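Structural features, examined
Single-letter residue listing:
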Amino acid sequence: MSHTNTKRTMAEMRSRILSAALCAVLIVISVSAASCAAAPTEEEALEIIGELLPKTYLLNDIYFGVGVSYTDDGSSYRYMPVTDDSPYLTEAELREATEAVFSSDYAESIFDIYLSGYSDEGTGSVIYARYIENEDRLWIDTYAEGLVTSTRTYDLDTVEITSLTSRFIIFTAQSYLDGTADEVIEITITSETTDDGSVWRINSATY
């Protein structure tokens, strides 16, 4: 074999070795990614639903329903401090509880209205924040009326999963308003990546 042919053969071997090594790495990465992105089993999905859905009841009451109790000082001020037995005494506590249940997008949509409020320059209408923080304590807008007047709960025994992937859990469940059977509602739970890893959060209105 000529010197030139030998060099060509060695170059081809190195190329094949590098190609094989690269393929092996890509296979490992693909397998790892697939395993990391595996969809939960139906049993795991039911556990996720059972953990998250009941936590929405209180949060829905706080934001959209009756709110929380407050100390009435007899003045005509719009905002009054929440009582010591309130589930959350500071805005940070309320935000943390909300973000532990709802997706980041849905939680932000709640915060934008109920913790910040907004005004429409075009119409001149103003939506006051339902909660503000003053002197390290949540204060509630005593003039505000709840968006809903009843508490919606769900029968976990009626959950039917309609779609299950590594990104979403979509299911239906029979709901109740103050204990009376109401409509069957479809709810989406989505997977989000946080500093602590992947978590599941509700991405639907449940009130």
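Provided above is the structure to which this section pertains.
Residues numbered from 1 in each chain as written. Predicted model: local features only at pLDDT ≥ 70, side-chain atom pairs only at ≥ 80, totals over all residues. Heavy atoms only, no water.

1. Re the pairing of strand E5 (residues 137-141)
When you tally the buried positions in E5, you get 4 out of 5 residues, the bulk of the element. With 4 bridges joining them, strand E4 (residues 131-134) and E5 adopt antiparallel strand pairing. Bridging across to E5, Ile-132 finds its partner in Trp-139. Where E4 folds back on E5, the antiparallel hairpin that results is connected by 2 residues, among which Glu-135 adopts a positive phi of roughly 55°. (Buried < 20%, exposed > 50% of the residue type's maximum accessible area, 1.4 Å probe, protein only. Helix = DSSP H or I, 4+ residues; strand = E, 2+ residues; numbered from the N terminus. Pairing = 2+ DSSP bridges.)

2. Some words on helix H3 (residues 56-64)
Across the 9 residues that make up H3, a large majority, 8, are buried. If you check which residues of H3 are buried, you get Thr-56, Tyr-57, Leu-59, Asn-60, Asp-61, Ile-62, Tyr-63 and Phe-64. Taken together, the buried residues of H3 touch helix H2 (42-52), helix H4 (91-99), helix H5 (104-115), E4, strand E6 (152-154) and strand E10 (197-202). (Contact = heavy atoms within 4.5 Å.)

3. Description of the pattern of salt bridges
Between side chains of opposite charge, a pair can form as their charged atoms come close. Considering all chains together, one arrives at 5 salt bridges under this definition. Between Lys-55 and Glu-51 there is a salt bridge, with its nearest N and O atoms 3.8 Å apart. Since its relative accessible area comes to 42%, Lys-55 is described here as partly exposed. Overall, the relative accessible area of 48% leaves Glu-51 in the partly exposed class. Between Asp-141 and Arg-78 there is a salt bridge; the shortest N-O distance is 2.9 Å. With a gap of 63 residues between them, Asp-141 in strand E5 and Arg-78 in the loop between H3 and strand E1 (79-81) connect regions that are remote in the sequence. (Salt bridge = Lys/Arg side-chain N within 4 Å of Asp/Glu carboxyl O.)

4. Topic: the nonpolar core
Core analysis: the biggest nonpolar cluster contains 36 residues, and Tyr-63, Leu-94, Phe-171 and Ile-189 have the highest contact counts within it. For this core, the secondary-structure elements that each account for two or more residues are H2, H3, H4, H5, E5, strand E8 (168-177), strand E9 (180-194) and E10. Broken down by element, the residue count for this core peaks at 6 residues, all from H5. Not counting the four nearest positions on each side in its chain, Leu-94 is found in contact with Leu-59, Ile-62, Tyr-63, Tyr-88, Leu-115, Tyr-131 and Leu-138. (Core = buried A, V, L, I, M, F, W, Y, C linked by side-chain atoms within 4.5 Å.)

5. Considerations on a negative patch on the surface
A contiguous patch of negative charge on the surface is contributed by Glu-93, Glu-96, Glu-99, Asp-105, Glu-108, Asp-112, Glu-133, Glu-135 and Asp-136. Sorting the residues of the negative patch by element identifies H4 and H5 as the ones contributing at least two each. Turning to its location among the elements, Glu-108 is positioned in helix H5. On the basis of relative accessibility, which here comes to 37%, the residue Glu-108 falls in the partly exposed class. (Patch = residues over 30% accessible without salt bridge, like charges linked within 9 Å, V, L, I, M, F, W, Y side chains within 5 Å. Areas by Shrake-Rupley, 256 points an atom, 1.4 Å probe, with all protein chains shown as cover. Lys, Arg positive; Asp, Glu negative; His and termini not counted. Charge placed at Lys NZ, Arg CZ, Asp CG, Glu CD.)

6. Digging into the side chain of Ser-103
Relative to the helices and strands, Ser-103 resides in the loop between H4 and H5. Residue class for Ser-103 comes out buried when judged on its relative accessible area of 1%. In terms of polar contacts, Ser-103 uses its side chain to reach the backbone amide nitrogen of Tyr-106, at 3.2 Å. A distance of 2.4 Å separates the side chain of Ser-103 from the side chain of Asn-203, its partner in a polar contact. Those residues in contact with Ser-103 that sit more than four places away from it in its chain are Thr-190, Glu-192, Arg-201, Ile-202 and Asn-203. (Polar contact = N/O pair within 3.5 Å; in protein donor to acceptor, adjacent residues only side chain to side chain.)

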